[in-house]
Amino acid sequence: MQRDRPRPRIAGRQTIQHGGGLGMVDRRGGDNDHDCNPNRGELAGAGSCCHLPQEHPRPARPSWCYGTPGIARAGQLAALATGNTAWQLAFEDAFARCLTDPVQLARITDPGLCHGWAGLFQTAWRAARDAATPAIAAHLPHLAATLARHARPGACAGDGFLEGDVGTALALITTAYGTTPNSGWDSCLLID
């Protein structure tokens, strides 16, 4: 029998239930209506094992491993798994708004998977395939073109998978064919 524990709260928002930290999907404020990232204090207060500073003054880079795209895709997958349409729509909206935020997009500095255009494109491509609305898919042509413009040999930190030319090339294959990768290479990113 599991003991009842107090449920953590996110910055005055509703109680987190069933392991879903959804405070980020309706978070607005500051100078930017697109700012929907949870701040580090909210994550730490939500029971995170990390020791994080209380303030995160700006949105993170929109990458698959942290920032709105990765969090929103994980939330979208959880919502799909639990059949929670409201959460699905909220996470998809957060993702789509991120894709129109010039402040966040300006923080992308390389074409790679980890923190670059390739990771953003591949995460958006996977999210768009499961989305209830066309909002994320509408951004795919622009993301593909931006990735193609930035991708060139040597533009990444090396030739590796996460931060190198290999990962970028794999995402470019997705842009070219527009189909699920036969190899399933992006399953290691936990976005499929």
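Residues numbered from 1 in each chain as written. Predicted model: local features only at pLDDT ≥ 70, side-chain atom pairs only at ≥ 80, totals over all residues. Heavy atoms only, no water.

A look at the nonpolar core
Part 1 of the argument: In terms of nonpolar packing, the biggest core is built from 28 residues, with F95, L120, I136 and L143 touching the most fellow members.
Part 2 of the argument: Secondary-structure elements contributing two or more residues to this core are α3 (85–98), α5 (117–130) and α6 (140–150).
Part 3 of the argument: When residues of this core are assigned to their parent elements, the largest contribution, eight residues, is made by α5. (Core = buried A, V, L, I, M, F, W, Y, C linked by side-chain atoms within 4.5 Å. Buried < 20%, exposed > 50% of the residue type's maximum accessible area, 1.4 Å probe, protein only. Helix = DSSP H or I, 4+ residues; strand = E, 2+ residues; numbered from the N terminus.)

Details of α5
Think of an α-helix as 3.6 residues a turn; residues three or four steps apart then line up on the same face.
Part 1 of the argument: With 14 residues, α5 extends 20 Å between its outermost C-alpha atoms, agreeing within 8% with the 20 Å of an ideal straight helix rising 1.5 Å per residue.
Part 2 of the argument: Burial of α5 is extensive: twelve of the 14 residues sit out of reach of the surface.
Part 3 of the argument: Every buried residue belonging to α5 is among W117, A118, G119, L120, F121, Q122, T123, A124, W125, R126, A127 and A128, and all of these are buried.
Part 4 of the argument: On its buried face, α5 is in contact with α2 (68–82), α3, α4 (102–105), α6 and α7 (165–177). (Expected span 1.5 Å × (residues − 1). Contact = heavy atoms within 4.5 Å.)

Observations concerning the UniProt feature "binding site: Zn(2+)" (unreviewed entry) in the protein
Part 1 of the argument: What UniProt calls "binding site: Zn(2+)" (unreviewed entry) maps, in this numbering, to C65, C114 and H115. For this annotated set, covering 51 residues, all C-alpha atoms fall within 7.5 Å of each other, a compact arrangement in space.
Part 2 of the argument: By the secondary structure assignment, C65 is in the loop between α1 (40–45) and α2.
Part 3 of the argument: The contact partners of C65, leaving out residues within four places of it in the chain, are C114 and H115.
Part 4 of the argument: Position of H115 among the secondary structure elements: in the loop between α4 and α5.
Part 5 of the argument: Among the residues examined, H115 registers a relative accessible area of 17% and is labelled buried.
Part 6 of the argument: In contact with H115, other than residues within four places in its own chain, are R61, S63, C65, Y66, I108, D110 and E163. (UniProt positions renumbered as here; feature names shortened; annotations may be inferred.)

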